[in-house]
Amino acid sequence: MPKMKTKSSAKKRFKLTGTGKIKRKHAFKSHILTKKETKQKRNLTQSGLVDKADEANIKRQLTI
């Protein structure tokens, strides 16, 4: 049986925390920032956590 391969897209987008949760970045922070308020842009800079409903799917992609 060959080794399980990690999805490259998931590898670039997600990191595992020490407690086993999955860290992610917020969307909508790459371009067209002129119409967004400063507060919104500042809050999008911070990282967030993946929802519990999606964790199993992402862990499968990361082969954890």
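Labelled according to an unreviewed UniProt entry, the protein appears under the name Large ribosomal subunit protein bL35, originating from Croceimicrobium hydrocarbonivorans. Looking at the Sequence similarities (unreviewed entry) heading of the UniProt record, one finds this comment for the protein: "Belongs to the bacterial ribosomal protein bL35 family."

A. Fine view of the overall build of the protein. Along its length, the protein carries 3 helices and 3 strands. Put simply, the protein runs from its N terminus to its C terminus through helices and strands in the order α-β-β-α-β-α. A compact globule built from 64 residues would reach a C-alpha radius of gyration of about 11 Å, whereas the protein, at 15 Å, exceeds it by more than 25%. By principal-axis analysis of the C-alpha atoms, the protein measures approximately 50 × 25 × 20 Å. Within the protein, contacts between residues at least 6 apart in sequence are counted, and of these 56% link residues at least 24 apart. Accessible surface, the protein as shown: approximately 5800 Å² in total, 53% of it carbon and sulfur. For the protein, the separation between the mean place of its 20 positive charges and that of its 4 negative charges on side chains is 10 Å.

B. Structural context of unusual backbone geometry. Its identity as a non-glycine residue notwithstanding, phenylalanine 28 has a phi of 70°, on the positive side. Mapped onto the fold, phenylalanine 28 is located in the loop between β2 (22-24) and α2 (38-45). Despite not being glycine, threonine 63 shows a phi value in the positive range, around 50°. Tracing the sequence through the fold places threonine 63 in the segment after α3 (52-61).

What counts and how
Throughout this description, residue numbers start from 1 for each chain and increase along the sequence as written. With pLDDT at 70 or above as the cut-off, local features in this predicted model cover only qualifying residues; side-chain atom pairs require 80 or more to be listed or tallied, and sums for whole chains, interfaces and linings still use all residues. Hydrogens and waters are ignored; side-chain quantities use all the structure's heavy atoms. UniProt positions are given in the numbering used here, feature names are shortened, and annotations may be inferred rather than shown by experiment. The numbering of helices and of strands both runs from the N terminus, where a helix is a DSSP run of H or I of at least 4 residues and a strand a run of E of at least 2. Within these notes, the globule rule equals 2.2 Å times the number of residues to the 0.38 power, and the radius of gyration is based on C-alpha atoms. Contacts were defined at the residue level, with two residues in contact if any of their heavy atoms lie within 4.5 Å. Using the Shrake-Rupley algorithm and a 1.4 Å probe, accessible areas are obtained, with residue cover drawn only from the displayed protein chains. When charges are counted, Lys and Arg contribute as positive and Asp and Glu as negative, whereas His and the chain ends are disregarded. Charge positions come from single atoms, namely NZ of Lys, CZ of Arg, CG of Asp or CD of Glu.

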